[in-house]
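Next come the chains, spelled out residue by residue.
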Amino acid sequence: MPAREPVAGDRRNRRAVREAPGVDSSERSGAMRIRRCETDLLIVGSGFAGLWAAIAAREAGVTRIAMVDKAAIAMSSQSRLCAGATIYCLPEDSLELWLRDIVEANGFLSRQPLVAEILETSHERLRRLESWGVSYERAGDGYLRLPSRGFRHVKMMVMPRFRESVGGAAVADALRRRARPGTQTFPRVLVTDLLQRDGRIAGALGLDRTTAEPIEFAARAVLLATADCSFRGSYVCTDATTGDGFRLAYDQGARLSNMEFLCTNTGSPHFGFEGTGVALRWGGRLLNARGEAFMARYHPDADSAEIHELVQAMAREVEKGNGPPFQLEMGDSFTTRIAPALARIGGFMPLNLSRLADEGVDLRRPQEWIPAVQTLRGGVRVHADGQSDVPGLFAAGMTEALDPGLFNGWSTLRAMGSGERSGRGAARWLADAGPCAPHSDEVAELAARATAPLGRKKSGGLRADEVVERMQRSIFRTDVSIRKRGESLEAALRDIEDLRDGALPDLIADDVHGLAKLHETRNMIRAAEMFLRASLARGESRGAHFRVDHPESDEASRLVWINLRRADDGAMQIEREPVPLSSYPIQPLVTPVPA
Ligand SMILES: Cc1cc2nc3c(=O)[nH]c(=O)nc-3n(C[C@H](O)[C@H](O)[C@H](O)COP(=O)(O)OP(=O)(O)OC[C@H]3O[C@@H](n4cnc5c(N)ncnc54)[C@H](O)[C@@H]3O)c2cc1C
């Protein structure tokens, strides 16, 4: 084992893992020490999806559950940091109208039965959260329900509270308390590889982020709830969202869908701000470099249009020479309407606003505003029980491909609903699945490979952060991520392949922290490749995927999902899977002609 530098928190975390029941430390493969944990269900990720999965699996009879997170358990996820605005479909709401809203807003690429089930079960989840002590903001006799941008009927509830916590933190705290009994937790463990045996999942390999010691998780089922990929863009609170689950599932041969949908929001280049949609709804306006409010030229809803329409319009203004810079002008509306609206929604924004004020940022004055990549909205293609194509491998939350859009309140509902469904699905699978243990040779080999960059000598190659910067320069271009062009996507793909084949194999890690960053970089490069290949494959425009060279939605041919899979020769294979619209409840008003 190469020399390691001690880091803060080292002792406490090492003790936490050693003391966890079921963890056995064993010497394997000469000097390499590999700790071992045997469990039935391994859940990777402790956001809303992972926590609900743990609760559902335990209720369905799974007694041995282990949960790992590369950060603290339930403390650093998007779920915890988010505002917690959530869509719940109550008995008085029309499920059909809500389903139509969601399916239409997602360009008919929703997996409708899964979406319908999440909506149908949402009221029961709300009821359970309330019975555990979570409350949502109320107005008069009922809940305060706000319209969710991008939908006509769907409404969301805001400001969850649980004891002293508010926003996503409140729901995460309540779920953590519920999930904890009977769940063995492994904080600060980064899962680097999954393990298979005889064609089914057999566990995972993790790295203790404070010591770099490998941990073998022998598990009969693995559930990935690791969220999506932000490519370390400038969107707030998403630095650790590095597409880990995408690469882990892909390497095992699982199919991924919707990887062409990179959702771009907007924000300040100088400070974190979450809530452009709210700002533009309550009196804010986007201005181009000439000081003109330009949105009405592009969309009948002007500044209230869906976020990806704003981003498209900004890019088109750039093409006309009308920007950058762009500005968000809030004026006095900031004080009278916008700040109170953000305070009402909750999350980290009210605290952020007071910090910005302390720093002397006056949000009543126009602020420079830019498009900001938020998240790659694809994920692992799952079946009705949350299981991927690989037996024993489940996915939930933003790791799962349900639909490609980004809508406020829908992401949290999706994460909770799919977590519950996949946790239950994993329990059903486990009831019939026999024992299965990873090959110890494979574990030792993967552990040696995962830690090798720590011992590597400097070779003059790139560092992980330099690779990330080059990746961002390739894919964050307007003609690659916003108004995509075939030749630009091809050029970006060549850059990413160069990084994948040229830079990744020689990366070195100076310390344990660097080792984790290196693995995350590897994951992001794989996600970037998926994004580019899927973007090239979809020769039409749909939702947040806009091809300048194919500007129309291709209604003339059958609607398809673009699926990616690792072929036997290691190449990334593309498959077009027809969307079975004729058997779905919601159909476009103009039905696509069969191919
Ligand atoms: C600032 C902000 C505000 C938001 N506000 C809202 C809102 O109000 N309403 C809404 O609907 N949506 C909102 N969202 C989006 C929403 O919060 C997320 O989409 C949702 O919570 C994701 O849940 P999840 O469980 O899939 O993933 P997460 O909550 O992100 O959890 C993933 C977990 O997996 C862990 N992990 C990842 N990789 C590994 C690995 N290799 N090994 C071990 N662990 C790993 C991570 O550390 C993390 O804890 C917001 C997002 C942000 C960033």
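As the structure is a prediction and not an experimental result, all values here were calculated from the model.

A few points about the site of the ligand
Line of reasoning, step 1. Around the ligand there are 34 residues in total, and D69, S79, A85, D244 and G409 lie nearest to it.
Line of reasoning, step 2. Measuring from a nitrogen atom of the ligand, one finds a backbone N or O atom of V191 at 3.0 Å.
Line of reasoning, step 3. In isolation the ligand has 1,000 Å² of accessible area, and contact with the protein removes 97% of it.
Line of reasoning, step 4. Among the elements of the structure, α2 (48–59), α3 (78–81), β12 (189–197) and α13 (410–432) are those that each provide at least two residues to the shell around the ligand.
Line of reasoning, step 5. The element that contributes the greatest number of residues to the shell around the ligand is α13, accounting for four residues.
Line of reasoning, step 6. Classifying every residue of the shell around the ligand gives 16 nonpolar, 14 polar and four charged.

Some details on the pattern of salt bridges
Line of reasoning, step 1. Counted under the stated rule, the structure contains 53 salt bridges.
Line of reasoning, step 2. Here R36 and E38 are joined by a salt bridge, their closest N and O atoms 3.2 Å apart.
Line of reasoning, step 3. Owing to a relative accessible area of 42%, E38 belongs among the partly exposed residues under this scheme.
Line of reasoning, step 4. For R152, the salt bridge is made with D101, and the minimal N-O distance between the two is 4.0 Å. Of this pair, R152 sits in the loop between β7 (145–147) and β8 (155–157) while D101 sits in helix α4 (residues 95–105), and the two are 51 residues apart along the sequence.
Line of reasoning, step 5. A relative accessible area of 4% means that D101 is categorised as buried.
Line of reasoning, step 6. Each of E497, R500, D501, R526, E529 and R533 takes part in a single network of salt bridges with overlapping partners.

Looking at the confidence of the model for the chain
Line of reasoning, step 1. Confidence in the prediction for the chain averages 91 pLDDT; 93% of positions are at 70 or higher.
Line of reasoning, step 2. Taken together, the stretch residues 1–21 has pLDDT below 50 and engages in 38 contacts with residues farther than four places along the chain or on a different chain.

A closer look at the side chain of S148
Line of reasoning, step 1. Topologically, S148 is positioned in the loop between β7 and β8.
Line of reasoning, step 2. Taking relative accessible area as the criterion, S148 reaches 1% and is therefore assigned buried.
Line of reasoning, step 3. Within polar-contact distance, the side chain of S148 engages the backbone oxygen of N408 at 2.6 Å.
Line of reasoning, step 4. For S148, the residues in contact, after removing those within four places along its chain, are I87, V154, K155, M156 and N408.

Rules and cut-offs
- Residues numbered from 1 in each chain as written.
- Predicted model: local features only at pLDDT ≥ 70, side-chain atom pairs only at ≥ 80, totals over all residues.
- Heavy atoms only, no water.
- Near = heavy atom within 4 Å.
- Polar contact = N/O pair within 3.5 Å; in protein donor to acceptor, adjacent residues only side chain to side chain.
- Areas by Shrake-Rupley, 256 points an atom, 1.4 Å probe, with all protein chains shown as cover.
- Helix = DSSP H or I, 4+ residues; strand = E, 2+ residues; numbered from the N terminus.
- Nonpolar A, V, L, I, M, F, W, Y, C, P; charged D, E, K, R; others polar.
- Salt bridge = Lys/Arg side-chain N within 4 Å of Asp/Glu carboxyl O.
- Buried < 20%, exposed > 50% of the residue type's maximum accessible area, 1.4 Å probe, protein only.
- pLDDT = per-residue confidence, 0-100.
- Contact = heavy atoms within 4.5 Å.

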